[in-house]
Amino acid sequence: MKFGQQLQRYPHFLERTYQLTYHLFKKLDPLIARIGYDRVDGWLRGPEDFAKRVVFDCHMCGQCILHSTGMTCSMSCPKNLRNGPCGGVRANGHCEVKPEMPCVWVQAYNRSLDMTVYGDELLNIQPPVNRQLEGSSAWINMLTGQDKAVPKAWPQMDIIPLAEK
Ligand code: SF4
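Residues numbered from 1 in each chain as written. Predicted model: local features only at pLDDT ≥ 70, side-chain atom pairs only at ≥ 80, totals over all residues. Heavy atoms only, no water.

As for the overall build of the chain
Each helix and strand in the chain was counted, giving 5 helices and 0 strands. The order of helices and strands in the chain, counted from the N terminus, is α-α-α-α-α. For the chain, the C-alpha radius of gyration of 16 Å lies close to 15 Å, the compact-globule estimate for 165 residues. Counting only C-alpha atoms, the chain reaches 50 × 40 × 25 Å along its principal axes. Across the chain, every contact between residues at least 6 apart in sequence was considered, and the portion connecting residues at least 24 apart equals 64%. Surface accessibility of the chain: about 9,600 Å² in total, with carbon and sulfur atoms responsible for 58%. In the chain, 19 side chains carry a positive charge and 16 a negative one; their mean positions are 2 Å apart. (Helix = DSSP H or I, 4+ residues; strand = E, 2+ residues; numbered from the N terminus. Rg over C-alpha atoms; globule rule 2.2 N^0.38 Å. Contact = heavy atoms within 4.5 Å. Areas by Shrake-Rupley, 256 points an atom, 1.4 Å probe, with all protein chains shown as cover. Lys, Arg positive; Asp, Glu negative; His and termini not counted. Charge placed at Lys NZ, Arg CZ, Asp CG, Glu CD.)

Rendered as structure tokens:
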């Protein structure tokens, strides 16, 4: 079993790590703003991509919702669904498109049950993924609020902001 898959068996540990990182970035926000979000984004992309790819099979969508999806990357779903599974989940809990692969939403649900900080966020409605953010640092987009921005052309919707936890 790969290192990342092993770690994903401990969603509570992962959500606490996420929580700590979140608070660290919030504390550093004034400094990052002074340096420049774009510049820090350039520094962060590589390490963020590497670390999250190893653990979560991250696809660098730039709009990270791991904490709302059982610390399971919803972009690993072949259909990139961000609001729950499609209607094709197999009886064994595997993917319709890739039968050998467990459905990421079944995993997200099961893992969210082990989470005590963000587990209930599984019910949050997520905006459609904004492809313009692909490849950028999700941490920086969180600080600037870009990860919650809904383009004007889209129907406006109530995005539940990340609660301070
Ligand atoms: S939700 Fe986006 S940023 Fe977060 S792990 Fe998945 S692809 Fe990466």
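Thoughts on helix 2 (residues 11–35)
With 25 residues, helix 2 ought to run about 36 Å at 1.5 Å a step, and its terminal C-alpha atoms sit 33 Å apart, in line with that. Most pronounced at Asp29, the bend in helix 2 amounts to some 55 degrees, and the proline Pro30 follows within four residues. Among the residues of helix 2, those classed as buried are Pro11, Leu14, Glu15, Tyr18, Gln19, Tyr22, Phe25, Asp29 and Ile32. Where helix 2 is buried, its residues touch helix 1 (3–7), helix 3 (37–56), helix 4 (104–112) and helix 5 (138–144). (Expected span 1.5 Å × (residues − 1). Bend = angle between axes of the 7 residues up to and from the residue. Buried < 20%, exposed > 50% of the residue type's maximum accessible area, 1.4 Å probe, protein only.)

Points about the nonpolar core
Core analysis: the largest hydrophobic core is formed by 25 residues, its most contacted members being Phe25, Phe56 and Met71. When contributions to this core are tallied by element, the ones reaching two or more residues are helix 2, helix 3 and helix 5. If sequence neighbours within four positions are ignored, Phe56 has contacts with Gln8, Leu14, Leu66, Met71, Cys73 and Ser76. Cys77, Cys95, Val104 and Trp105 belong to the second largest nonpolar core, which has 7 residues in total. (Core = buried A, V, L, I, M, F, W, Y, C linked by side-chain atoms within 4.5 Å.)

A short note on the packing of aromatic side chains
What the rule picks out here adds up to 4 aromatic pairs. A centroid spacing of 5.4 Å and a plane angle of 90 degrees characterise the contact between Tyr18 and Tyr118, whose relative ring orientation is edge-to-face. Residue Tyr18 is found in helix 2, and its partner Tyr118 is found in the loop between helix 4 and helix 5; the two are separated by 100 residues along the sequence. Ring pairs connect the aromatic residues Tyr18, Tyr22, Phe25, Tyr118 and Trp139, which therefore count as one cluster. (Phe/Tyr/Trp six-rings, centres within 6.5 Å; stacked < 30°, edge-to-face > 60°.)

What to know about helix 4
Along an α-helix, a turn takes 3.6 residues, which lines up residues three or four apart on a common side. Burial in helix 4 covers these residues: Val104, Trp105, Ala108, Arg111 and Ser112. All buried residues of helix 4 project into a common sector of 125 degrees when viewed along the axis, lining one side. Looking at the buried positions of helix 4, the neighbouring elements they touch are helix 2. (Arc of directions from axis to C-beta.)

Regarding a nonpolar patch on the surface
A contiguous nonpolar patch, built from Leu24, Leu28, Leu31, Ile35 and Trp43 and spanning about 480 Å² of accessible area, is present on the exposed surface. Element by element, the count of residues in the nonpolar patch is highest for helix 2, at 4 residues. Along the chain, Leu31 turns up in helix 2. (Patch = residues over 30% accessible without salt bridge, like charges linked within 9 Å, V, L, I, M, F, W, Y side chains within 5 Å. Salt bridge = Lys/Arg side-chain N within 4 Å of Asp/Glu carboxyl O.)

A word on the side chain of Ser137
By the element assignment, Ser137 lies in the loop between helix 4 and helix 5. Within polar-contact distance, the side chain of Ser137 engages the backbone nitrogen of Trp139 at 3.3 Å. Among residues more than four places away in sequence, those in contact with Ser137 are Asp41, Leu44, Arg45 and Glu48. (Polar contact = N/O pair within 3.5 Å; in protein donor to acceptor, adjacent residues only side chain to side chain.)

Digging into the site of the ligand
Within the structure, the ligand sits among Lys52, Cys58, His59, Met60, Cys61, Cys64, Ile65, Leu66, Cys73 and Met75. In terms of residue class, the shell around the ligand is made up of 8 nonpolar, 1 polar and 1 charged. (Near = heavy atom within 4 Å. Nonpolar A, V, L, I, M, F, W, Y, C, P; charged D, E, K, R; others polar.)

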